[in-house]
Structures are given as structure tokens and as C-alpha cells.
Amino acid sequence: MAENDILLGVNIDHVATLRQARYREAGRSCGLVVEPDPIAWALCAERAGADGITMHLREDRRHMQDEDARRLRACIATRLNLEMACTDAMTAIALDLRPDYACLVPENRTEVTTEGGLDVAGQMQRVGQVVDALNSAGVVTSLFIDPEEGQIRAAAELGSPLIELHTGSFSNAWHVPVARAAELVKLERAVELALSLGLTVNAGHGINYFNVADIRAIEGLHELNIGHSIVSRALFTGVDEAVRRMKTLIRGLP
Ligand code: PXP
């Protein structure tokens, strides 16, 4: 890997979404009959070059389950990034699980997927408590925030070493050139500010095989977290090709 390569974290939630569509009530009694297994899928993604695996253990457990988290922790070869709500219950789970990274995200039961970044500036005390508890236990925290100055400064003030910039607005604007350019500038400025404050900057949400060319060109990004597009492509090509292709595009190769 070249020194300035952006890393790829593969989000496996939607493999579990597919499993839950059929096996929501099955529990663990079905054993190996339950397909697809998100952990087996994650190991394939690692073999294809994923630099880390991300899973979101949502409070409503709509896709990933507690047992998935334990199994993934036990067999992951790269780094586990646990996305989690900023609650006491999830903090206790993270302290027990010991992921390498914990990314704090907002959660809303009615949303289809994470919508909007965490309002760090509006809940400094709450987020600060969770960041301190996790960081002092050796779990490196990241805050999933919108590319806004106030949120970035708040994240830096709380001492979270990492942030993940929400690229959803950029992704949604991608088909409208003027809006796309404006969203890209927002992201570029956000990365620049965050780096100047000493933060390590990841990005994610809605990144796909088409818009990744714009994202990779932003100077200073550390890692991209990508789920839906890779899981979707893997249905046609298999996991190996889907992950390798994304890695190639992140590197800017044909
Ligand atoms: N980063 C965060 C914090 C997310 O919540 C999600 C969606 O689960 C992603 C990245 C990945 O988004 P997508 O599935 O659109 O690639």
C-alpha cells in the first residue's frame, strides 16, 4: 500500500439486512442454514483487500445482532469499527466488545439508514462522556458529523481523535453538477479545517463506484467507509471483485 492511499472500511450491515429479511425470527437455532452470514462475508472482504470492517449494532437490532458482533470480534483479521448510538447501553456493549474503533452516530428508529450527522455541538456533555469512557478503555472514537465548522470544532474540543464526515448530501447532489460542486467544496473545506485541528478524517455514506472519483480527490482523507454499493455490486460479481474494484477506484487506477 502506498503511504498516501486512502483506506477502505467495508460496512457489512446490508448483508445482515438480507439475512434478517428471511430469518428475523430464527435466532441461533438454524445454525449454518441461515444465509447469508455477514461474518463469512466480512472475511471474504478482508481477503479481497478491505482495510477494516464496519458494523452498526443498532438499538433496534434491525440488521446486525449482538452475536454477530461477538463473532466478528473473534475472527476479524483487520480492524473492527463499531458504529453505535451515543447511549449508556451501547457504551457498555462497546466496552465489553472492545472494537478497535467506535464511531458514534445518531439513531432514529424511523430512518431507513443513518440520516444526518451526530449533533456533537448540541450535546457536548453526553458525547464527551462516551468519548472519554471509550478512549480511556483503548477504544479509539470517531464522530460521524456533517461537514460543518461548528461540529468539527466541537469534535476537536472533545478530544475525539477521529471524525467521519457525512457524505450523504454530496451523494444525493451528485446528479446535479452545480449542487455536486458546492457539496464537494464543503467537504474539502471541512477536511482542511479538521486536519488543521489535528483530527484524522474519514468519510462515508452514499459513496459508490461512480462518485468515489470525486471523494478520493479530496486531499487528506484517511479512510472511506462504504457499505451499500459494495454489498449491492457483490450480488452480481461476488465479494472479491466488488471489493477489489472499489480499492482500484479509490487508488485512482483504471
Ligand atoms: N458511515 C456511517 C456512519 C454510516 O452510518 C453508514 C451507513 O450505515 C455508512 C458509512 C455507509 O454508508 P453506505 O451504506 O451508504 O455506503
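Before reading further, recall that the structure is shown in the block above.
This is a predicted model, so every value here is computed, not measured.

**Q** Would you mind showing me how to read the overall build of the chain here?
**A** For the chain, the helix and strand inventory stands at 11 helices and eight strands. A compact globule built from 254 residues would reach a C-alpha radius of gyration of about 18 Å, and the chain, at 17 Å, matches this within 12%. Projecting the C-alpha coordinates of the chain onto the three principal axes gives extents of approximately 50 × 45 × 35 Å. Looking at the 254 residues of the chain, the share that counts as buried comes to 49%. Within the chain, counting contacts between residues at least 6 apart in sequence, those at least 24 apart form 67% of the total. For the chain, the exposed surface amounts to about 11800 Å²; the carbon and sulfur share of it is 52%.

**Q** Just checking my understanding: could you explain helix α3 (residues 66-75) for this structure?
**A** Every α-helix carries 3.6 residues per turn, so stepping three or four residues along brings you back to the same face. Turning to α3, its buried residues number three or more, namely Asp68, Ala69 and Leu72. Looking straight down α3, one finds that the buried residues subtend no more than 100° of arc, so they occupy a single side. The secondary structure elements touched by the buried residues of α3 are α1 (13-23), α2 (38-47), β2 (52-56), β3 (80-84) and α4 (88-97).

**Q** Would you explain helix α11 (residues 239-250) in this entry?
**A** When the terminal C-alpha atoms of α11 are compared, their 17 Å separation across 12 residues agrees well with the 16 Å that a helix rising 1.5 Å per residue should span. All of the buried residues in α11 are Val239, Ala242, Val243, Met246, Lys247, Leu249 and Ile250. Buried positions in α11, seen along its axis, are confined to an arc of 165° and lie on one side of it. At its buried positions, α11 is contacted by β1 (7-11), α2, α9 (212-216), β8 (223-226) and α10 (228-237). Immediately downstream of α11, the backbone of Gly252 shows phi near 80°, a positive value.

**Q** Explain the packing of aromatic side chains here, please?
**A** One pass over the structure, following the stated rule, counts zero aromatic pairs. Directly above the aromatic system of Trp174 lies the positively charged group of Arg180, at a separation of 4.4 Å from the ring centroid. The residue whose ring lies beneath Arg233 is Tyr209, and the NZ or CZ to ring-centre distance is 3.8 Å.

**Q** What am I meant to see in a nonpolar patch on the surface here?
**A** On the surface, Leu18, Leu235 and Phe236 cluster together into a nonpolar patch covering about 410 Å² of accessible area. On the basis of relative accessibility, which here comes to 48%, the residue Leu18 falls in the partly exposed class.

**Q** Is there a simple way to explain the pairing of strand β7 (residues 200-204) in this structure?
**A** On any regular strand, side chains alternate: one points to one face of the sheet, the next to the other face. Here β7 lies mainly inside the structure; four of its five residues are buried. Where strand β6 (residues 162-166) lies against β7, five bridges are found, and the strand directions are parallel. Its bridge partner lying in β7, Leu162 is registered against Thr200. Inspection of the sheet shows β7 paired to β8 by three bridges, in the parallel sense.

**Q** Help me understand the packing of α4 against helix α5 (residues 124-136) in this model?
**A** To characterise two packed helices, one gives the angle between the axes of the helices and the distance between these axes. Relative orientation of the contacting elements α4 and α5 amounts to 10°, with a least axis distance of 10 Å. The orientation of α4 relative to α5 falls into the category roughly parallel. Across the interface between the two elements, Asp88, Thr91, Ala94 and Leu95 of α4 pack against Arg126, Val130, Ala133 and Leu134 of α5. Taken together, the residues of the contact of α4 with α5 sort by class into five nonpolar, one polar and two charged.

Conventions used here
- Residues numbered from 1 in each chain as written.
- Predicted model: local features only at pLDDT ≥ 70, side-chain atom pairs only at ≥ 80, totals over all residues.
- Heavy atoms only, no water.
- Helix = DSSP H or I, 4+ residues; strand = E, 2+ residues; numbered from the N terminus.
- Rg over C-alpha atoms; globule rule 2.2 N^0.38 Å.
- Buried < 20%, exposed > 50% of the residue type's maximum accessible area, 1.4 Å probe, protein only.
- Contact = heavy atoms within 4.5 Å.
- Areas by Shrake-Rupley, 256 points an atom, 1.4 Å probe, with all protein chains shown as cover.
- Arc of directions from axis to C-beta.
- Expected span 1.5 Å × (residues − 1).
- Phe/Tyr/Trp six-rings, centres within 6.5 Å; stacked < 30°, edge-to-face > 60°.
- Lys NZ or Arg CZ within 6 Å of the ring centre and 35° of its normal.
- Patch = residues over 30% accessible without salt bridge, like charges linked within 9 Å, V, L, I, M, F, W, Y side chains within 5 Å.
- Salt bridge = Lys/Arg side-chain N within 4 Å of Asp/Glu carboxyl O.
- Pairing = 2+ DSSP bridges.
- Axes fitted to C-alpha atoms, helices over the stretch in contact; angles between N-to-C directions.
- Parallel < 35°, antiparallel > 145°, perpendicular 65-115°, else oblique.
- Nonpolar A, V, L, I, M, F, W, Y, C, P; charged D, E, K, R; others polar.

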